[in-house]
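Given next are the chains, with one letter for each unit.
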Amino acid sequence: QQQVKQSPQSLIVQKGGISIINCAYENTAFDYFPWYQQFPGKGPALLIAIRPDVSEKKEGRFTISFNKSAKQFSLHIMDSQPGDSATYFCAASRRDDKIIFGKGTRLHILP
Amino acid sequence: IAGITQAPTSQILAAGRRMTLRCTQDMRHNAMYWYRQDLGLGLRLIHYSNTAGTTGKGEVPDGYSVSRANTDDFPLTLASAVPSQTSVYFCASSLRGGYNEQFFGPGTRLTVL
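Draft legend 1. Main features of the overall build of chain A. For chain A, the helix and strand inventory stands at 0 helices and 11 strands. Secondary structure of chain A in N-to-C order comes out as β-β-β-β-β-β-β-β-β-β-β. Here the C-alpha radius of gyration of chain A, 13 Å, is about what a compact globule of 111 residues would show, namely 13 Å. Summarising its shape, the C-alpha atoms of chain A cover approximately 40 × 30 × 20 Å along the three principal directions.

Here it is as structure tokens:
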């Protein structure tokens, strides 16, 4: 049973555009939602994370939007740059429990 | 500061052979994890350890075993490799589970023929 569903599987965006990746979760006990970024040949690294007590968190060009009632959250990358080309994983977890990852989105930003 | 190291970087292995993937962290993290990454399937948890001396099964544990004799090391063993175990393997660690950031190693690319 897939507990975190991520879409799209791949995404191509023009430089300067907005990249949007969506995730949905099933377990209402989840209360921590991180996003990880992975460049080719490297391990994933934490990009940004949100707790459900806020509806939005912004760090530079990266924003997480969270909709608790719909059990959905999304990553927005504003002014997307070629250097943002990577695979992005959404995830969910509870305190002191394992992180459940989505299947990932391969993002390519056209120069 | 090395963070997490994995060895080997890559390996080609004949089916039926035994293989141990090594993982060492120097951050004194309590929790460690092994994932496999396959195209279209994302990161799947194989085994984890919340603290030295304890281990647990993840989503895809069959064919793999782990041990956690001390805080720093978390080796993953394939007792008798099969072609379906061809994958990229990532070791990760975190201070504790849940809310804590996971730090990933550089990965081991394993091919089983």
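Draft legend 2. Representation of the sheet that holds strand β7 (residues 62-67) of chain A in the model. All names here are of chain A. Read across the open sheet, the 5 strands follow the order β1-β3-β8-β7-β6; overall the sheet is antiparallel. If you trace the sheet from one side to the other, it starts and ends with β1 (4-7) and β6 (56-59), each paired once. Taking each pair of neighbouring strands and ignoring which way they run, the sheet shows an average axis angle of 15°. Two elements, β6 and β7, share 4 bridges in a ladder whose sense is antiparallel. The residue bridging Lys58 from the neighbouring strand is Thr63, located in β7.

Draft legend 3. Representation of the packing of aromatic side chains. Residues and elements named next belong to chain B. Within this structure, the stated rule accounts for 17 aromatic pairs over all chains. Residues Tyr35 and Phe104 carry aromatic rings whose centres are separated by 5.6 Å and whose planes lie at 35° to one another, so their mutual orientation is tilted. With Tyr35 in strand β4 (residues 31-38) and Phe104 in strand β10 (residues 103-104), this residue pair connects regions lying 69 residues apart in the sequence. A relative accessible area of 1% means that Tyr35 is categorised as buried. With centroids separated by 6.4 Å and ring planes inclined at 80°, the aromatic side chains of Phe90 and Phe104 adopt a geometry described as edge-to-face. You can see Phe90 sitting in strand β9 (residues 87-94) and its partner Phe104 sitting in strand β10, a full 14 residues away along the chain. A relative accessible area of 3% means that Phe90 is categorised as buried.

Draft legend 4. Seen up close, the side chain of Ser94 of chain B. Residue and element names in this part refer to chain B. Within the fold, Ser94 resides in strand β9. Exposure remark for Ser94: the relative accessible area of 0% places this residue in the buried category. At 2.4 Å, the side chain of Ser94 and the backbone oxygen of Arg96 are in polar contact. Among residues more than four places away in sequence, those in contact with Ser94 are His29, Asn30, Ala31, Tyr33, Asn100, Glu101 and Gln102.

Draft legend 5. Representation of unusual backbone geometry within the structure. Cis peptide bonds are those with omega within 30 degrees of zero, and the linkage from Ser7 of chain A to Pro8 of chain A qualifies with -5°. Within the secondary structure, Pro8 of chain A is located in the loop between β1 and β2 (10-14). Each neighbour pair has its own omega, and for Ala7 of chain B with Pro8 of chain B the value is -5°, a cis peptide bond. Residues other than glycine seldom take positive phi values, yet Asp79 of chain A does so here, at roughly 45°. Backbone geometry places Arg28 of chain B, a non-glycine residue, at a positive phi of 60°.

Draft legend 6. Quick peek at the pairing of strand β3 (residues 19-25) of chain B. Residue and element names in this part refer to chain B. The alternating pattern of β3 places Met19, Leu21, Cys23 and Gln25 on a buried face and Thr20, Arg22 and Thr24 on a face that is not buried. Where β3 lies against strand β8 (residues 76-78), 3 bridges are found, and the strand directions are antiparallel. Bridge pairing in β8 places Leu21 opposite Leu76.

Draft legend 7. The pattern of salt bridges, seen in detail. Residue and element names in this part refer to chain B. All told, the structure shown has 7 salt bridges over all chains when counted by the stated rule. Close ionic contact of Arg36 with Asp38 constitutes a salt bridge, the shortest N to O distance being 2.8 Å. A relative accessible area of 14% places Asp38 in the buried class.

Calculation notes
Residues numbered from 1 in each chain as written. Chains lettered and ligands numbered in written order. Predicted model: local features only at pLDDT ≥ 70, side-chain atom pairs only at ≥ 80, totals over all residues. Heavy atoms only, no water. Helix = DSSP H or I, 4+ residues; strand = E, 2+ residues; numbered from the N terminus. Rg over C-alpha atoms; globule rule 2.2 N^0.38 Å. Pairing = 2+ DSSP bridges. Axes fitted to C-alpha atoms, helices over the stretch in contact; angles between N-to-C directions. Phe/Tyr/Trp six-rings, centres within 6.5 Å; stacked < 30°, edge-to-face > 60°. Buried < 20%, exposed > 50% of the residue type's maximum accessible area, 1.4 Å probe, protein only. Polar contact = N/O pair within 3.5 Å; in protein donor to acceptor, adjacent residues only side chain to side chain. Contact = heavy atoms within 4.5 Å. Salt bridge = Lys/Arg side-chain N within 4 Å of Asp/Glu carboxyl O.

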